[in-house]
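Coordinates in review
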Amino acid sequence: MILVYIESQNGKIKKSSLEAISFGQQLKTLTGLELGLLASQTTDTAVLADMNVRSLAEQQLDSQDPVTVAQFIAAAFNECGASHLVLSGNSLGKAVAGVIAAKLKAALLSGVKEVLQHNGKICFKKSVFSGKANAIYSIPGSKAVISIMPNSVAIVRGGATQIEKKNLNIALTGGKYKINSLDLQSGKTPLTEAEVVVSAGRGMKDPSNWGMIEELADLLGATTACSRPVADIGWRPHHEHVGQTGIAIRPNVYIAIGISGAIQHLAGVNSSRKIIVINKDPEAPFFKAADYGVVGDLFDVVPKLNAAIKKSKSENS
Ligand SMILES: Cc1cc2nc3c(=O)[nH]c(=O)nc-3n(C[C@H](O)[C@H](O)[C@H](O)COP(=O)(O)OP(=O)(O)OC[C@H]3O[C@@H](n4cnc5c(N)ncnc54)[C@H](O)[C@@H]3O)c2cc1C
């Protein structure tokens with residue numbers, strides 16, 4: 001059985017979990033195994049109406065701390081008699097996947113972006129060497145924990161769902177700590193789930209110049225990001241830092257403004273579907289990775305871009 005762990009936020013199943021379900025469906029098609037869902041929060045199943053899912057095992061945990069969640073998922077995996085666990089490689093997935101694999105003595109494949117048939121075997125594709133190559137893995141044993149790179153699997157709908165809910169009652173010893181309150185940033189989509197990202201670097205010269213970046217992001221419904229030096233010197237918060245030592249993202253559109261495109265930066269963003277670069281230096285390395293580029297002074301280009309988007313929006317509203 002393929003067990004897909006799903007998460008909800010504000011009562012809604014997260015997009016990253018819908019991606020994990022779609023990945024599970026592809027794995028089901030290739031293996032012929034059954035597919036079931038697992039949740040540690042109450043799940044609004046309405047959104048699953050056309051996701052062709054039949055069973056959901058659920059238990060409301062007192063705490064969503066990674067130690068407790070890992071304990072729960074490993075125990076549920078055994079109780080459901082599963083062979084494959086699929087979960088999103090988001091921050092929770094990264095924290096728990098290795099722990100669960102160790103508990104289950106299962107293979108761990110993290111940051112997977114595709115499942116495929118290769119030389120007659122079910123295999124899994126991952127980006128390696130900072131996105132410079134793809135590697136294809138197979139699993140020799142019978143058990144696997146697979147975390148999915150966010151934004152890498154298309155959500156596929158189709159097939160009516162009649163979900164049978166099963167309430168689990170797994171006794172847990174409790175984690176090493178308990179989250180007493182969670183102060184969620186409202187409004188913006190988390191970087192790993194964002195469809196559009198507007199990112200800026202040292203070319204901005206000063207943190208006080210970020211207004212135009214935030215304005216562009218607001219106009220496009222995008223999330224903001226930055227290069228590492230900008231976060232290191234405190235111009236932007238560390239959670240915005242993307243790259244090899246920051247967050248790896250895969251949005252549909254990545255707009256890089258005043259960022260040179262160093263290899264360590266590209267490592268976290270070069271899987272983006274479309275890259276747009278604005279830089280005054282035509283020799284900036286980022287242009288080699290760009291789908292579209294503007295050679296120009298960002299202090300001239302970005303305000304004009306914002307004005308053009310506003311004009312277009314007002315004409316079309
Ligand atoms: C081990 C290691 C790990 C690292 N990890 C990361 C990482 O995860 N993420 C990361 O980002 N970096 C990382 N780095 C740093 C990386 O090597 C680069 O130094 C960094 O990405 C450069 O940031 P930047 O492009 O913002 O700044 P710069 O390299 O200073 O580039 C600024 C760019 O802005 C352009 N510019 C300047 N003024 C304007 C203007 N008015 N209009 C338009 N364009 C303008 C310039 O032409 C230039 O291309 C790492 C480095 C090491 C050694």
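Residues numbered from 1 in each chain as written. Predicted model: local features only at pLDDT ≥ 70, side-chain atom pairs only at ≥ 80, totals over all residues. Heavy atoms only, no water.

**Concerning the overall build of the chain**
Secondary structure summary: the chain contains 8 helices and 16 strands in total. Taken over C-alpha atoms, the radius of gyration comes to 21 Å for the chain, in line with the 20 Å a tight globule of 317 residues would show. Expressed along its principal axes, the backbone C-alpha trace of the chain runs to roughly 60 × 45 × 40 Å. The buried share of the chain, taken over its 317 residues, is 48%. For the chain, the proportion of contacts with a sequence separation of at least 24, taken over those separated by at least 6, is 65%. (Helix = DSSP H or I, 4+ residues; strand = E, 2+ residues; numbered from the N terminus. Rg over C-alpha atoms; globule rule 2.2 N^0.38 Å. Buried < 20%, exposed > 50% of the residue type's maximum accessible area, 1.4 Å probe, protein only. Contact = heavy atoms within 4.5 Å.)

**Topic: unusual backbone geometry**
Not every positive phi belongs to a glycine, and Lys105 is a case in point at roughly 55°. The topology assignment puts Lys105 in the loop between α3 (91–104) and β7 (107–118). According to the relative accessible area criterion, Lys105 is exposed, its value standing at 74%.

**Comments concerning the domain arrangement of the chain**
You can read the domains of the chain as domain 1 (2–167) and domain 2 (191–316). Of the residues lining the interface, 11 residues belong to domain 1; the matching set on domain 2 comes to 13 residues. Between domain 1 and domain 2 the total buried area reaches about 1,000 Å² when both faces are included, carbon and sulfur atoms providing 45% of it. Viewed at the interface, domain 2 and domain 1 are joined by 1 salt bridge. Between Glu195 and Lys15 there is a salt bridge, with the nearest N and O atoms lying 3.5 Å from each other. Linking domain 1 to domain 2 there are 5 residue pairs in polar contact (both at pLDDT 80 or more). Here the side of domain 1 that touches domain 2 is composed, by residue class, of 2 nonpolar, 6 polar and 3 charged. (Domains from an automatic or database assignment. Buried area = accessible area lost by both parts, 1.4 Å probe. Salt bridge = Lys/Arg side-chain N within 4 Å of Asp/Glu carboxyl O. Polar contact = N/O pair within 3.5 Å; in protein donor to acceptor, adjacent residues only side chain to side chain. Nonpolar A, V, L, I, M, F, W, Y, C, P; charged D, E, K, R; others polar.)

**A look at the sheet that holds strand β10 (residues 144–148)**
Read across the open sheet, the 9 strands follow the order β9-β8-β7-β10-β6-β1-β4-β5-β11; overall the sheet is mixed. Each edge of the open sheet is held by one strand with a lone partner, namely β9 (133–138) and β11 (164–167). Looking at each pair of strands side by side, their axes are set apart by 35° on average, direction ignored. Across 6 bridges, strand β8 (residues 121–128) lies against β9 in antiparallel orientation. Of the residues in β9, the one forming a bridge with Cys123 is Ser138. This element, helix α1 (residues 15–31), spans β1 (2–6), β4 (35–39), β6 (84–88), β7, β8 and β10 of the sheet and lies at about 175° to β1. Set on the sheet, α3 makes contact with β1, β6, β7 and β10; between it and β6 the angle comes to about 165°. (Pairing = 2+ DSSP bridges. Axes fitted to C-alpha atoms, helices over the stretch in contact; angles between N-to-C directions.)

**Some details on the environment of Ala133**
One can find Ala133 in strand β9. Once you skip the residues sitting within four places of it in the chain, Ala133 turns out to touch Lys126, Ser127 and Val128.

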